[in-house]
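One-letter residues, chain by chain:
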Amino acid sequence: MKKKAKSDSKANPMWGGHFAAAPSALMQKINASIFFDKKLYAQDIAGSKAHAAMLAKKKIISTAENEIIQRGLDKILHEIETGHFTFTADLEDIHMHVESRLKEIIGDVSGKLHTARSRNDQVATDFRLYVRDAIDATDKSLKKLQSELLKKAEKEFDTILPGFTHLQCAQPVTFGHHLLAYVEMLGRDRSRLADVRKRLNESPLGAAALAGTSYPIDREQTALALGFDRPMSNSLDAVSDRDFAIEFLAAASLIAVHLSRLAEEIVVWMSQPFGFITLSDAFTSGSSIMPQKRNPDAAELVRAKTGRVFGSLTTLLTVMKGLPLAYSKDMQEDKEPVFDCVETLEIIIPAMSGMIADLKVNAGAMRKAAELPFITATDLADWLAQTFKIPFRQCHHITGKLVKKAEEKKCDLKDLSLKEMQSVEPKITDEVYSVLTLEYSVNSRKSYGGTAPANVKKMIAKAKRMYL
């Protein structure tokens, strides 16, 4: 049998001493947050348990009263986790549900739990705990994605494909090198999350409504009990700050950008004109009318869900932009965008990990695309500069003339005769032909961070040490 938190039919039990009548149905509807903030039940109960233990240690409540409260809170946690707790719009939020049910279980001693605190510092504490948990879960998920990218990069460390600028073939690169770019992006994402976590890890609990409390509480104790580094220094800031949530959404937006860019590449690579990769049935769908189709729906949805994350950030920035200190009811709107963002990340990051693990590389198609004319033109210019000590700008001009000559002949640079090349630059020798191969091009890019397969192996090893 589910336990339902009871409420006074005439007035809200939290402030019934002042309000004699119940709110209108419309007021209840706009005011209630329980059907989304019930996600905070574990954090709310954890905060209450820490607060009660501190009150007992400071002799504000008795040890026996604390033990009764602790048992009651444990019972509520068990009821919620096992689905034996009924949520109702009659009680507007998770805090009132827990408090009302606690009174049913232990009686009037439950009222002592709210000594020296307010719903303002209570919700601020709950929300910080929730976002901190979300950061830890997101970091773990990003680490898994980095692991999958590194596995694939290790396998394809010397697979050659065209590198693009402006989506035009630019220079040959290795697929392992290409994947490592995303490993680095995700590394910065994880670093941003760590920064957010460090800044948010201060406890608002004990700030009360906005001004602190006259009770001799120990905010250091509750902060430590909840895993915070310290209590927040200003009671007004403690109850009104939502920077931590905005920062999390900003970091999440960059995560979404990086996932969307990779998703876009998967869509492009999988298209028939490219044919660089294939995805299995696990991450694709068919067409209702065209039986030959295999659509990269998972990648497309990762790309599309970026908009939800951006929307969450914009929503919370807009909510907070004009609020005077300290708490305003507007701040009830802080949670849904964060909850939606977290739920989105919980889908799109594992989906991308799954796609990276699943995708099969068509090395032949990648190489064929890299063999398009003139992709080694930069290698020719570099060779001229290094071999004959000609200024690079002059070498660029020489190479441009050779490209034009090859275009006129409808051939690649390597197909020009030595005589034709020497007609543009007499110093050119037949050594030039060894420079114009794809292998020479990628193997020569040995500068730190370059695409040479030897470099890629080293950077994979370094990334494993750094990130896994």
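Everything that follows concerns the structure shown earlier in this document.
Residues numbered from 1 in each chain as written. Predicted model: local features only at pLDDT ≥ 70, side-chain atom pairs only at ≥ 80, totals over all residues. Heavy atoms only, no water.

Before going further, it helps to examine the side chain of S240. Secondary-structure assignment places S240 in helix α9 (residues 235–240). Sequence-distant contacts of S240, that is, excluding residues within four places in its chain, are made with M320, L325, A326, Y327 and M331. (Helix = DSSP H or I, 4+ residues; strand = E, 2+ residues; numbered from the N terminus. Contact = heavy atoms within 4.5 Å.)

This part takes up helix α10 (residues 243–270). Taking 1.5 Å as the rise per residue, α10 with 28 residues should run 40 Å; its terminal C-alpha atoms sit 40 Å apart, in good agreement. Within α10, 21 of the 28 residues are buried, which leaves the element mostly enclosed by the surrounding structure. (Expected span 1.5 Å × (residues − 1). Buried < 20%, exposed > 50% of the residue type's maximum accessible area, 1.4 Å probe, protein only.)

Turning next to the packing of helix α11 (residues 297–320) against helix α12 (residues 335–358). In contact at an axis separation of 9 Å, α11 and α12 are set at 155 degrees when each is read in the N-to-C sense. In this view, α11 runs roughly antiparallel relative to α12, as classed from their interaxial angle. Classified by chirality, the crossing of α12 by α11 is left-handed. Contacts between α11 and α12 involve A298, A299, V302, K305, R308, V309, S312, T315 and L316 from the first element and P337, V338, D340, C341, T344, I348, A351, M352 and M355 from the second. Of the residues that constitute the contact of α11 with α12, the class distribution is 12 nonpolar, 3 polar and 3 charged. (Axes fitted to C-alpha atoms, helices over the stretch in contact; angles between N-to-C directions. Parallel < 35°, antiparallel > 145°, perpendicular 65-115°, else oblique. Left-handed = near helix turned anticlockwise from the far one by under 90°. Nonpolar A, V, L, I, M, F, W, Y, C, P; charged D, E, K, R; others polar.)

A word on unusual backbone geometry. A cis amide bond links L325 with the next residue in sequence, A326, at an omega value of 10 degrees. Locating A326 in the fold gives a position in the loop between α11 and α12. The phi dihedral of A116 falls on the positive side, at around 65 degrees, and the residue is not glycine. Its place among the elements puts A116 in the loop between α5 (94–106) and α6 (119–155). Accessibility expressed as a relative area gives 8% for A116, which makes it buried. At H166, a position not held by glycine, the phi torsion is positive, near 60 degrees. Among the secondary structure elements, H166 is positioned in the loop between β3 (160–165) and β4 (168–174).

With that settled, the discussion passes to empty space enclosed by the protein. Tallied over the entire structure, the rule returns 1 cavity of 30 Å³ or more. If you add up the space inside the largest cavity, you get close to 60 Å³. Forming the boundary of the largest cavity are D44, S48, H95, V98, E99, L102, S110, L113, H114, R117 and Q122. Elements with a contribution of two residues or more to the lining of the largest cavity: α3 (41–57) and α5. (1 Å grid on protein atoms, 1.4 Å probe; cavity = no way out; pocket = protein on both sides within 12 Å on 5 of 7 lines; lining within 4 Å. Points joined across faces, edges and corners; volume = space filled by probe spheres on them.)

In this section: the nonpolar core. Membership of the largest hydrophobic core comes to 93 residues, with the highest contact counts inside it found for V131, L149, F248, I266, V338 and M352. It is α10 that provides the largest number of residues to this core, a total of 16 residues. Residue contacts for V338: discarding those within four places in its chain leaves F127, Y130, V131, A245, F248, L249 and L316. Counting 21 residues, the second largest nonpolar core, distinct from the first, contains L380, C395, C411 and V432. (Core = buried A, V, L, I, M, F, W, Y, C linked by side-chain atoms within 4.5 Å.)

Right, let's get into the pattern of salt bridges. Applying the stated criterion across every chain, the model contains 29 salt bridges. In this structure, K75 and E79 form a salt bridge, with 3.8 Å as the shortest nitrogen-oxygen distance. Of this pair, K75 and E79 both sit in helix α4 (residues 63–81), 4 residues apart, which is roughly one turn of the helix. You can call K75 partly exposed: its relative accessible area is 40%. (Salt bridge = Lys/Arg side-chain N within 4 Å of Asp/Glu carboxyl O.)

A few words now on the packing of aromatic side chains. With the rule as written, the count across this model stands at 7 aromatic pairs. Ring geometry for W383 and F388: centres 5.4 Å apart, planes at 85 degrees, overall edge-to-face. Judged by relative accessible area, which is 4%, W383 ranks as buried. Put simply, the rings of F164, F274 and F276 touch in pairs and so form one group of aromatic residues. Positioned over the ring face of F339 is K39, at 5.9 Å from the centre of the ring. One Lys or Arg, R132, reaches over the ring of F228 and ends 5.0 Å from the middle of that ring. (Phe/Tyr/Trp six-rings, centres within 6.5 Å; stacked < 30°, edge-to-face > 60°. Lys NZ or Arg CZ within 6 Å of the ring centre and 35° of its normal.)

The next point concerns the pairing of β4. The pairing of β3 with β4 spans 6 bridges and is classified as antiparallel. Paired with G163 across the bridge in β4 is Q171. Linkage of β3 to β4, two consecutive antiparallel strands, is achieved through a turn of 2 residues, within which H166 is found at a positive phi near 60 degrees. (Pairing = 2+ DSSP bridges.)

We now examine the environment of A207. Turning to its location among the elements, A207 is positioned in the loop between β5 (202–203) and α8 (219–225). For the pair A207 and M320, spaced 113 residues apart in sequence, the C-alpha to C-alpha distance is 20 Å. Beyond its immediate stretch of four places on either side in the chain, A207 contacts D121, G212, R219, S235, A238 and V239.

On to a nonpolar patch on the surface. On the surface, L210, L236 and L325 cluster together into a nonpolar patch covering about 270 Å² of accessible area. On the secondary structure map, L210 appears in the loop between β5 and α8. (Patch = residues over 30% accessible without salt bridge, like charges linked within 9 Å, V, L, I, M, F, W, Y side chains within 5 Å. Areas by Shrake-Rupley, 256 points an atom, 1.4 Å probe, with all protein chains shown as cover.)

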